[in-house]
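Residue-level listing of the chains:
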Amino acid sequence: RFEQNARELGLTRSQWQLLAYLGRNQGIQQGALAELLDIESITLTRIIDKVEALGLVERRAHPRDRRVWQLYLTPKGEPLLE
């Protein structure tokens, strides 16, 4: 039933899971989120690419380490979790 409702918004279960974790962990680094979701970093990168293209998530450079990206929900993504 969840997947049916999610499809109506054009998102997969994996994308919803990413949004849910990100909603509770704004600013988390991609590597840490991959560990929380128990998926490979490359898999997470592909999921992030898709939700970022939809305008739901944004990557921000870490203020002290340019190799690290932090993840945030956008104003468009936040209402979806409600």
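The structure presented is a predicted model; accordingly, all values stated were derived computationally and were not measured.

## Re the overall build of the protein chain
Link 1 in the chain: Counting its secondary structure elements, the protein chain contains 5 helices and 3 strands.
Link 2 in the chain: Each helix and strand of the protein chain, ordered N terminal to C terminal, gives the series α-α-β-α-α-β-β-α.
Link 3 in the chain: Expressed along its principal axes, the backbone C-alpha trace of the protein chain runs to roughly 40 × 25 × 20 Å.
Link 4 in the chain: For the protein chain, the proportion of its 82 residues judged to be buried stands at 34%.
Link 5 in the chain: Within the protein chain, contacts between residues separated by at least 24 positions form 44% of all contacts whose residues are at least 6 apart in sequence.
Link 6 in the chain: A total accessible area of about 5,700 Å² is found for the protein chain, and carbon and sulfur atoms account for 46% of it.

## Re the pairing of strand β3 (residues 69-73)
If a strand is regular, its side chains alternate between the two faces of the sheet.
Link 1 in the chain: Buried residues dominate β3, accounting for 4 of its 5 residues.
Link 2 in the chain: Of the pairings in the sheet, the one linking strand β2 (residues 57-61) to β3 comprises 5 bridges and is antiparallel in character. Across the sheet, residue Ala-61 finds its bridge partner in β3, namely Trp-69.

## Describing the pattern of salt bridges
Link 1 in the chain: Per the stated rule, a full pass over the model turns up 4 salt bridges.
Link 2 in the chain: In this structure, Arg-59 engages Asp-49 in a salt bridge whose closest nitrogen and oxygen atoms are separated by 2.8 Å. Residue Arg-59 is located in strand β2, and its partner Asp-49 is located in helix α4 (residues 41-53); the two are separated by 10 residues in the primary sequence.
Link 3 in the chain: Overall, Arg-59 belongs to the buried group, its relative accessible area being 19%.
Link 4 in the chain: A salt bridge links Arg-67 to Asp-65, with the nearest nitrogen and oxygen atoms 2.9 Å apart.
Link 5 in the chain: Residue Arg-67 is classed as exposed on the basis of its relative accessible area, which comes to 70%.
Link 6 in the chain: Residues participating in the shared-partner salt-bridge network are Asp-49, Glu-52 and Arg-59.

Criteria and thresholds
- Residues numbered from 1 in each chain as written.
- Predicted model: local features only at pLDDT ≥ 70, side-chain atom pairs only at ≥ 80, totals over all residues.
- Heavy atoms only, no water.
- Helix = DSSP H or I, 4+ residues; strand = E, 2+ residues; numbered from the N terminus.
- Buried < 20%, exposed > 50% of the residue type's maximum accessible area, 1.4 Å probe, protein only.
- Contact = heavy atoms within 4.5 Å.
- Areas by Shrake-Rupley, 256 points an atom, 1.4 Å probe, with all protein chains shown as cover.
- Pairing = 2+ DSSP bridges.
- Salt bridge = Lys/Arg side-chain N within 4 Å of Asp/Glu carboxyl O.

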